[in-house]
Amino acid sequence: MKTLSKPQAPPLVRIIPNAITITALCTGLSAIRFALLERWELAVCLVIIAAILDALDGRIARFLRADSHFGAELDSLSDFISFGVAPAVVIYLYSLNLWKGTGWAITLFFSTCMALRLARFNTSIDMPKPEWAKQFSVGVPAPAGAFLALFPLMASFAYEESFQTYPLVFAVSLLVSGLLMISRIPTFVLKNSRIPHRYVRVLLVAVAIFMATLFSVPWWTLSIAAILYLFSIPISYWVYRQRKKGT
């Protein structure tokens, strides 16, 4: 009789992407803790750090050839906690709690939209699409949705004024960002975008300027970045329609 051999333990290097995903989950969830302590700037920073980690784990997994279905499911669950739950709860604790049940309903709406957006993304991963269509996402991606939802909070930090007594502003941000996530509007996917060689140096200079302003006036920089992203949505829609007509 043949004895069944034990499955080999995976190399440590293959666990790195999942470890990054877990770190992103813990980072995003910790934003709620610091919101409870009313340390609002740190709470927003943690959500942004979670977005950076989320952008890294997939690329590192592909680089190490360690991507798996387990990692994809873990990443999706991490995204829901970090970008669907944490930002909504932070905003509720900051301002929407003034509306009591109505504020909580808007919080639930945003989290539900995030869950639907992630579910749609997971079911469309293996669907065939033309190469040019890979440069676009259907609806606003999860990290970008959280970023837009937190825009009024970042603007309040930039102005150094409290917007806590204006729950309508935060209600609009959650409703609009939630609807953008579940919409069918094509939006640019930066990681798949192609840059002509003649623009590479210009892009690098732009990145240097962005980083310089980010370290100098972080909340103004992030607020302007959110506004620019909003303006990019109709442009991405127009570009998508033009390329679709050309096929």
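The shown structure was predicted, so the numbers you read here are calculated from the model rather than taken from an experiment.

## A few points about the overall build of the protein
Next, step 1: A tally of regular secondary structure across the protein gives nine helices and two strands.
Next, step 2: Secondary structure of the protein in N-to-C order comes out as α-α-α-α-β-α-α-α-β-α-α.
Next, step 3: Split into buried and exposed, the 247 residues of the protein put 38% on the buried side.
Next, step 4: A separation threshold of at least 6 residues defines the contact pool for the protein, and within that pool the share at least 24 residues apart is 83%.

## A few points about the packing of aromatic side chains
Next, step 1: Evaluation of the coordinates by the stated rule reveals six aromatic pairs.
Next, step 2: With a centroid separation of 5.3 Å and an interplanar angle of 65°, the aromatic rings of Tyr94 and Phe170 are classed as edge-to-face. Taken as a pair, Tyr94 in helix H3 (residues 69-94) and Phe170 in helix H7 (residues 167-182) lie far apart in primary sequence, 76 residues in all.
Next, step 3: When the ring centre of Phe34 is taken as origin, the NZ or CZ atom of Arg33, which lies over that ring, is 5.1 Å away.

## Overview of the environment of Ala35
Next, step 1: If you trace the backbone, Ala35 turns up in helix H1 (residues 16-36).
Next, step 2: C-alpha of Ala35 to C-alpha of Val90: the two residues are 55 residues apart in sequence and 5.6 Å apart in space.
Next, step 3: Once residues lying within four places of it in the same chain are set aside, the contact partners of Ala35 are Trp40, Ala43, Val90 and Leu93.

## Side note on the side chain of Thr21
Next, step 1: For Thr21, the location among the structural elements is in helix H1.
Next, step 2: Thr21 sits in the buried class, given a relative accessible area of 3%.

## A look at the nonpolar core
Next, step 1: Leu96, Val140 and Leu153 are the most contacted members of the largest nonpolar core, which totals 47 residues.
Next, step 2: Mapped by element, the contributors of at least two residues to this core are H1, helix H2 (40-63), H3, helix H4 (101-124), helix H5 (142-149), helix H6 (151-159), H7 and helix H9 (218-246).
Next, step 3: Sequence-distant contacts of Leu96, that is, excluding residues within four places in its chain, are made with Ile91, Gly103, Ile106, Thr107, Pro167, Phe170, Ala171 and Leu174.

## Comments concerning the packing of H3 against H4
Next, step 1: One can describe the packing of H3 onto H4 by two numbers: an axis separation of 9 Å at closest approach and a directional angle of 165°. Judged by the inter-axis angle, H3 sits roughly antiparallel to H4. H4 is crossed by H3, and the crossing has right-handed handedness. Along the contact surface, H3 presents Ser76, Asp79, Phe80, Phe83, Gly84, Val85, Ala88, Val89 and Tyr92, while H4 presents Gly103, Trp104, Thr107, Phe110, Ser111, Met114, Ala115, Leu118 and Asn122.

## Quick word on the confidence of the model for the protein
Next, step 1: Across the protein, the average pLDDT comes to 85, with 89% of residues at or above 70.
Next, step 2: Highest mean pLDDT in the protein belongs to H7 (94); lowest belongs to strand E1 (residues 136-138) (81).

Parameters and conventions
- Residues numbered from 1 in each chain as written.
- Predicted model: local features only at pLDDT ≥ 70, side-chain atom pairs only at ≥ 80, totals over all residues.
- Heavy atoms only, no water.
- Helix = DSSP H or I, 4+ residues; strand = E, 2+ residues; numbered from the N terminus.
- Buried < 20%, exposed > 50% of the residue type's maximum accessible area, 1.4 Å probe, protein only.
- Contact = heavy atoms within 4.5 Å.
- Phe/Tyr/Trp six-rings, centres within 6.5 Å; stacked < 30°, edge-to-face > 60°.
- Lys NZ or Arg CZ within 6 Å of the ring centre and 35° of its normal.
- Core = buried A, V, L, I, M, F, W, Y, C linked by side-chain atoms within 4.5 Å.
- Axes fitted to C-alpha atoms, helices over the stretch in contact; angles between N-to-C directions.
- Parallel < 35°, antiparallel > 145°, perpendicular 65-115°, else oblique.
- Left-handed = near helix turned anticlockwise from the far one by under 90°.
- pLDDT = per-residue confidence, 0-100.

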